[in-house]
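# Inside the fold
Okay, here's what each chain looks like letter by letter:
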Amino acid sequence: MATRLYRLGKLAYRRWPVVLVSWLIVLVGIAGVSAAISKPMQDEFSIPGIPSEQAQTLQQELFPGARSAYDGAGATIVVAAPEGQTLREPTYTRAVDDLVSALRGTPQIDADAPVVGPVAAAAGQREQLVEASVKAGQPRAVAEANAAALSPLSEDARVGTISLTFDVDKPTDIDKATQEHVAEALSAARTTGLTVAASGSALQSFELPGGSSEAIGIAIAALVLVLTFGSLVAAGLPILTALVGVGIGALGVTAATAFVNVGSTTPILATMLGLAVGIDYALFILSRYRAELLHHDDREEAAGLAVGRAGSAVVFAGLTVVIALAALGVVGIPLLTSMGIAAAATVLVAVLIALTLLPALLGMLGGKAFAGRVRRDRIVADELESEPRDLTEVTSRREALQGGDPDRRTPGSDNGGVRWARLVGRHPVIIGLLGIVLLGSLTVPVKDLHLALPTDSTSSTETSARRAADLIDGAFGPGRNAPLLLVVDARATSGGQAAGEAIGTVTSWAAGLPDVANAQVIAQNEAGTGAQVLITPRSGGDDIATEQLLAALRDGQAAQEQATGTTLGVTGVTAIQTDVSERLAGALAPYLAIVVGLAFVLLMMVFRSVLVPLTATVGFLLSVLATLGLTVLVFQEGLFGLFEPAPIMSFMPILVIGIVFGLAMDYQVFLVTRMREAYVHGDSARHSIIEGFRFSARVVTAAAIIMISVFAAFIAQDQALIQSIGFALAVAVLFDAFVVRMTLIPAVMNLLGDKAWWLPRWLDRLLPDVDVEGESLTRARAAQRGPDEARELEGSGVR
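Description of the structure in this document. Here the structure is a predicted model, which means the values were calculated and not measured.

Let's shift gears to the sheet that holds strand S3 (residues 195-199). To summarise the sheet geometry, strands pair through backbone hydrogen bonds and adopt either a parallel or an antiparallel arrangement. Strand order in the open sheet formed by three strands is S2-S1-S3, with antiparallel pairing between adjacent strands. Strands at the two margins of the open sheet, each flanked by one partner only, are strand S2 (159-166) and S3. Taken over all neighbouring pairs, the strand axes of this sheet differ in orientation by 20° on average, direction set aside. Both strand S1 (residues 73-80) and S3 contribute to a ladder of five bridges, which runs antiparallel. For Ala-80, the partnering residue across the bridge sits in S3 and is Thr-195. Of the strands in this sheet, S1 and S2 touch helix H4 (residues 90-104), which is tilted by about 10° from S2. Packed on one face of the sheet, helix H16 (residues 464-476) meets S1, S2 and S3 and runs near 110° to S3.

Moving on, we come to the nonpolar core. As a rule of thumb, soluble globular proteins bury nonpolar side chains together. With 163 residues, the main nonpolar core has Leu-273, Phe-620 and Phe-711 as its most contacted residues. Filtering out sequence-adjacent residues up to four positions away, Leu-273 remains in contact with Val-321, Leu-325, Ala-343, Val-347, Ile-659, Leu-663 and Phe-711. Residues Val-79, Ala-95, Ala-189 and Ala-198 belong to the second largest nonpolar core, which totals 29 residues.

So, about a nonpolar patch on the surface. On the surface, a cluster of nonpolar side chains totalling about 590 Å² of accessible area is made up of Val-429, Ile-430, Leu-433, Leu-434, Ile-436 and Leu-751. With five residues, helix H15 (residues 428-443) is the single largest residue contributor to the nonpolar patch. Structurally, the position occupied by Leu-434 is in helix H15.

Moving on: empty space enclosed by the protein. A complete count under the given rule lists three cavities of 30 Å³ or more for this structure. Each pocket or cavity is described by its volume, and for the second largest cavity that value is around 50 Å³. Lining the second largest cavity, in full, are Thr-241, Ala-242, Gly-245, Val-246, Gly-274, Gly-278, Ala-282, Thr-346, Ala-350, Ile-353 and Ala-354. For the lining of the second largest cavity, the per-class residue count stands at six nonpolar, five polar and no charged.

The computed volume of the second largest pocket comes to approximately 860 Å³. Counting only elements with at least two residues in the lining of the second largest pocket, the list comes to helix H5 (118-135), helix H6 (140-150), helix H17 (497-511) and strand S6 (516-524). In terms of residue count, H17 provides more of the lining of the second largest pocket than any other element does, seven residues in total. The class makeup of the residues in the lining of the second largest pocket is 16 nonpolar, 14 polar and no charged.

Summarising the element assignment, Thr-566 is placed in the loop between helix H19 (557-564) and strand S8 (567-571). Accessibility expressed as a relative area gives 4% for Thr-566, which makes it buried. Reaching out from Thr-566, the side chain makes a polar contact with the side chain of Thr-564 at a distance of 2.7 Å.

Procedures and definitions
- Residue positions are counted from 1 within each chain, in the order its sequence is given.
- With pLDDT at 70 or above as the cut-off, local features in this predicted model cover only qualifying residues; side-chain atom pairs require 80 or more to be listed or tallied, and sums for whole chains, interfaces and linings still use all residues.
- Hydrogens and waters are ignored; side-chain quantities use all the structure's heavy atoms.
- Being paired, for any two strands, means DSSP has found at least two bridges between them.
- Going along the chain from the N terminus, every DSSP run of H or I of four or more residues is numbered as a helix, and every run of E of two or more is numbered as a strand.
- For helices, the fitted line uses only the C-alpha atoms of the stretch in contact; every axis is such a line through C-alpha atoms, and the angle between N-to-C directions lies from 0 to 180 degrees.
- Contact criterion: two residues are considered in contact whenever any of their non-hydrogen atoms come within 4.5 Å of each other.
- By nonpolar core we mean a set of buried residues, namely Ala, Val, Leu, Ile, Met, Phe, Trp, Tyr and Cys, connected to one another through side-chain atoms within 4.5 Å.
- The classification of residues rests on relative accessible area computed with a 1.4 Å probe and restricted to protein chains. Under 20% of the type maximum is buried, over 50% is exposed, and intermediate values are partly exposed.
- Residues forming no salt bridge and having over 30% relative accessible area are the ones grouped into patches, like charges within 9 Å of each other and nonpolar side chains (Val, Leu, Ile, Met, Phe, Trp, Tyr) within 5 Å.
- All accessible-area figures derive from a Shrake-Rupley calculation using a 1.4 Å probe, and residue coverage is judged against the displayed protein chains alone.
- Salt bridge, as used here, is a side-chain nitrogen of Lys or Arg placed within 4 Å of a carboxyl oxygen of Asp or Glu.
- A 1.4 Å probe that fits into a set of points on a 1 Å grid over the protein atoms alone but cannot get out defines a cavity; an open set with protein on both sides within 12 Å along at least five of seven lines defines a pocket, and lining residues are those with an atom within 4 Å of a point.
- Grid points are joined across faces, edges and corners, and a volume is the space filled by probe spheres set on the points.
- In this classification, Asp, Glu, Lys and Arg are treated as charged, Ala, Val, Leu, Ile, Met, Phe, Trp, Tyr, Cys and Pro as nonpolar, and every other residue, Gly included, as polar.
- Identification of polar contacts relies on pairs of N or O atoms within 3.5 Å, with a donor-acceptor requirement for protein atoms, meaning one able to donate a hydrogen and the other able to accept it, and with residues adjacent in sequence counted only if both atoms are side-chain atoms.

See below:
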């Protein structure tokens, strides 16, 4: 692989005009396609085959006109009079009437669903429902309780709701002009003293959020790159290539909406990950290019060697991220699958750009690649290429290793990485235990992990949807925002009175369960053999009590079906979201096992060792669990008061596992391959650790700081899912890069010594040689210098 990448790097450097034009055509072309065919994005959290989906299918059989929970578009307008006032007072009655009149003129409104104010609707609905129920034989007290449970006006008449139904098939069919009309009507109503808020699928924004987070991350990355390279031009190259990759990836995700449903968070995740890895991959190759220039006057040759050696590690690291993200499809959730594939595709583009566009830009710039110096860079030994250049160098290296202090090198060659590696080498047990205790203590909160999907009640307090949800919770109880729908199929009964009695029995059973505020029949089919029972919990949709209520309904379902001769099912948005969360929680451990197993096999291929991959995967587990534990403390428990306590978004842990796996392998590859390179060239096991830090610590540190900055910048977004993912990824990189890869791994490898590189011969023959270190290039260059030097290099440990 290294030889092919070497040729690719030289070709891209030499034919830079063709490469640049090709990438420009790709970017412009995909932008045009995206603009022509893209559709709005929609969050549809569902999984085929879950119980709530099966119940929804049953509902549509009994009620052919019934829509799925995510079809159709509606909105709920919540109005509230000032404290101590009511909506029945003339001043606020007129204000609400004016609002209703304005809303009736909303474009795309459904003419068959009239818009009515809460006071008028409550009066008419109460009288109609109570009289109809009493006439059907229901006790008046029960009928009045049922009417109150559905009333759009709170008991104290201070808060009311106005329902809007739109004549469209999906929320994405709502025009921007429709949303603007509603917003203007609400704004006018607020001038009358009313508190007004709105929620609902019809009013959600389908536009991507602004790029402030990306800008913050890029600014910090630029500063780190300037400090790393000491050159403004060199610092700009990784950012430029990353932006091109992110642009292609994001536009590709937008274009994909024409063919599949894509969630609103998908392009944000792709942008977040693509920007981080795009900068890092270019950083690794550019850093290697600078080191190669110290040995080669031919810049084309230096570019080829940089792509061949560092590019091999980039390909492997990128491949691990792609595999981990694409493997999200095994969970079986369409929305999660689309997120994983979109992010994986963006990472793949970042790898291709680092291997081709970056050397092409180097070819265009020529000797100007490191222009715009902001500081004079000292050429010290840590910048030198570790490959023996000729026979004299091989001999001197061997003599240096056979006598004297192996930790001593050329004066001035020590850097921060070397000093840290020596410190860890002197105290591996103490430092290793400190790292394990730190990460281990943070894994404890994982046992309290509570997963749930986003709702209006968990959105940002700055949003209108959250204000509407809070008003409804306070006036009607949190269960109003989290209804469950029990579908009763009585077709197996004799029909008529028997079906009615069976439906009544099931409704009474549901009403008597713990945490049920109300249960009543809200619809029956024409034949009287099917019913929809609305169950209003006492708790909110993200409360554990509501999840327990859903479980109680399903636990008692079989007994009720046998006793009444009916078939039952529970559906609705709350039930669907709970089922999805449970499925995700159940998939967490199997997915983690797949990722860890994959990591172990891939690392054995790269490092030709059993114990090095074992320590790497154990370290990955520690960093992931510690990350999840700290996320639980900050987001779920509200530690430090940074965020309002709420359940962790269901998608977050599995996404973090997939992404962190790839990033962890990035740092493992870039740091430990340098150790192995030194080891196979003849260094001792202990000194190879120091050499790995000598050549890679500064670049890995810069890469980690860039990733942390990019991810942390997304905490400023107003979507809880993006905030938690940004936080978790930033913390994960911090833990994995600095605690695991740069502390625990060298500590353990110091304790293992030569045993760290042990691999059974039969397994060595079985595993393919991926040549991440570029040893094939070393052999080829030695052969070009002459057979005597090739034999000498072979004897020095270069295979």
